[in-house]
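Below, each chain spelled out in residue letters.
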Amino acid sequence: MTTDKQALVVGGNRFPFHRLERMGPLIEDALAPAGIEVELTTDRESLTDLDGYDVLVDYTTDSTLTDAQREGLLSFVDAGNGYAGVHSASDLTTVDGENRDEPAPELRELIGGHFLTHPAQGAFDVNIVYSHHPVSADLEDFRVWDEPYVLECDDDLTVLARMDHPEIGEMPVSWVKEYGDGRVFYCSLGHDRPAITADGTRALLRNGVRWAADSSAGE
């Protein structure tokens, strides 16, 4: 497919299990078939100027942002661009390497949910529960080995997929929502290589990031 969308993937290398230098190329590879050209960065100052990008892909594990960085991100999405949170992007209580009691409120409003905890990694089923959306219309249920996130979520999200986990039961895995004039996609999968390279995860990310990047996308 011809490349026609530009994505900035922001992450970090501080946490060994989510190192962007290792996981970023895998995300890039998953998005390429959707015509999305990816730039990888660990420089959060890039959030202050997102001109030229269609979507911001968030693979951060620490939600520490300056006021200018946070405003740059929120205004980018509010103006009609895309935000795609992957896995640890919902960890909104880790700030400056410390755990806070409450999630960062502005980011919580943007994403629509946040990470609480997780049991041990393992295999579990991911079920597509809403197939009347461009992201999920061509997807099928799949099984993945991953770190299963327990999330607190808003009630008005369009949940596309849920996990069926032996310890935590049913839990949203992926959803979409609007933020101002922009589009938000979140997927809790993607802790490590086995998860991010699974065919089901790749398809979900590919469709979700493309939808978020596409200003002509609809429900």
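Residues numbered from 1 in each chain as written. Predicted model: local features only at pLDDT ≥ 70, side-chain atom pairs only at ≥ 80, totals over all residues. Heavy atoms only, no water.

Asks: Residues and numbers for the overall build of the protein chain, please.
Replies: Helix and strand counts for the protein chain come out as 5 helices and 13 strands. Against the compact-globule benchmark of 17 Å for 219 residues, the protein chain has a radius of gyration of 16 Å, which places it among compact chains. Here the protein chain holds 219 residues, and 57% of them are scored as buried. Here the contacts in the protein chain between residues at least 6 apart in sequence split such that 70% fall between residues at least 24 apart. Positive and negative side-chain charges of the protein chain, numbering 16 and 42 respectively, have mean locations separated by a distance of 4 Å. (Helix = DSSP H or I, 4+ residues; strand = E, 2+ residues; numbered from the N terminus. Rg over C-alpha atoms; globule rule 2.2 N^0.38 Å. Buried < 20%, exposed > 50% of the residue type's maximum accessible area, 1.4 Å probe, protein only. Contact = heavy atoms within 4.5 Å. Lys, Arg positive; Asp, Glu negative; His and termini not counted. Charge placed at Lys NZ, Arg CZ, Asp CG, Glu CD.)

Asks: An account of the layout of surface pockets is requested, with residue identities and associated values reported.
Replies: The calculated volume of the largest pocket comes to roughly 160 Å³. Contributing to the lining of the largest pocket are Ser-63, Thr-64, Leu-65, Arg-70, Leu-92, Val-95, Arg-100, Glu-102, Pro-103, Ala-104, Glu-106 and Leu-107. Broken down by class, the residue content of the lining of the largest pocket amounts to 6 nonpolar, 2 polar and 4 charged. (1 Å grid on protein atoms, 1.4 Å probe; cavity = no way out; pocket = protein on both sides within 12 Å on 5 of 7 lines; lining within 4 Å. Points joined across faces, edges and corners; volume = space filled by probe spheres on them. Nonpolar A, V, L, I, M, F, W, Y, C, P; charged D, E, K, R; others polar.)

Asks: Tell me what's going on with empty space enclosed by the protein, and back it up with residues and numbers.
Replies: Counted under the stated rule, the structure contains 1 cavity of 30 Å³ or more. Residue lining of the largest cavity: 16 residues in total, with Asp-58, Thr-60, Leu-65, Leu-73 and Leu-107 positioned closest to the centre. If you tally residues by element for the lining of the largest cavity, the top one is helix H3 (residues 105–111), at 3 residues. Here the residues of the lining of the largest cavity sort into 11 nonpolar, 2 polar and 3 charged.

Asks: Could you give an account of the UniProt feature "domain: ThuA-like" (unreviewed entry) in the protein chain, with specific residues and numbers?
Replies: Cross-referencing UniProt, the feature "domain: ThuA-like" (unreviewed entry) maps to residues 7–212 in the present numbering. Taken end to end, residues 7–212 comprises 24% helix and 33% strand; its first and last C-alpha atoms sit 10 Å apart. (UniProt positions renumbered as here; feature names shortened; annotations may be inferred.)

Asks: Could you give me a rundown of unusual backbone geometry, with the residues and numbers involved?
Replies: In this structure, His-87 is a non-glycine residue whose phi angle is positive, near 50 degrees. By the element assignment, His-87 lies in the loop between strand E4 (82–86) and strand E5 (94–95).

Asks: Requested: an account of the pattern of salt bridges, with residues and values cited.
Replies: This structure, assessed with the given rule, holds 10 salt bridges. A salt bridge links Arg-210 to Asp-4; the nearest nitrogen and oxygen atoms lie 2.7 Å apart. Of this pair, Arg-210 sits in helix H5 (residues 199–213) while Asp-4 sits in the segment before strand E1 (5–10); the two residues are 206 residues apart in sequence, bridging distant segments of the chain. Its relative accessible area of 43% is what places Asp-4 among the partly exposed residues. The residue Glu-106 makes a salt bridge to Arg-70 at a minimum N-O spacing of 3.9 Å. (Salt bridge = Lys/Arg side-chain N within 4 Å of Asp/Glu carboxyl O.)

Asks: Residues and numbers for the sheet that holds strand E12 (residues 169–179), please.
Replies: Taken together, the 9 strands give an open sheet; going across it, the order is E2-E1-E3-E4-E13-E12-E11-E8-E9, and neighbouring strands pair in mixed fashion. With one partner strand each, in any of the chains shown, strand E2 (36–41) and strand E9 (142–146) form the two edges of the open sheet. Going across the sheet, the axis of each strand differs from the next one's by a mean of 25 degrees, ignoring polarity. Relative to strand E11 (residues 158–165), strand E8 (residues 122–128) runs antiparallel, the two sharing 4 bridges. Across the sheet, Val-126 pairs through a bridge with Met-163, a residue of E11. (Pairing = 2+ DSSP bridges. Axes fitted to C-alpha atoms, helices over the stretch in contact; angles between N-to-C directions.)

Asks: Describe in detail a negative patch on the surface, supporting the description with residues and values.
Replies: A cluster of like negative charges, contributed by Glu-71, Asp-78, Glu-178 and Asp-181, occupies part of the molecular surface. Relative to the assigned elements, Glu-71 resides in helix H2 (residues 67–78). (Patch = residues over 30% accessible without salt bridge, like charges linked within 9 Å, V, L, I, M, F, W, Y side chains within 5 Å. Areas by Shrake-Rupley, 256 points an atom, 1.4 Å probe, with all protein chains shown as cover.)

Asks: Could you give an account of the environment of Met-23, naming the residues involved and the relevant values?
Replies: Inspection of the secondary structure puts Met-23 in helix H1 (residues 20–31). For the pair Met-23 and Tyr-59, spaced 36 residues apart in sequence, the C-alpha to C-alpha distance is 9.0 Å. Aside from chain neighbours lying at most four places away, what touches Met-23 is His-18, Tyr-59, Gly-190, His-191, Asp-192, Arg-193 and Ile-196.

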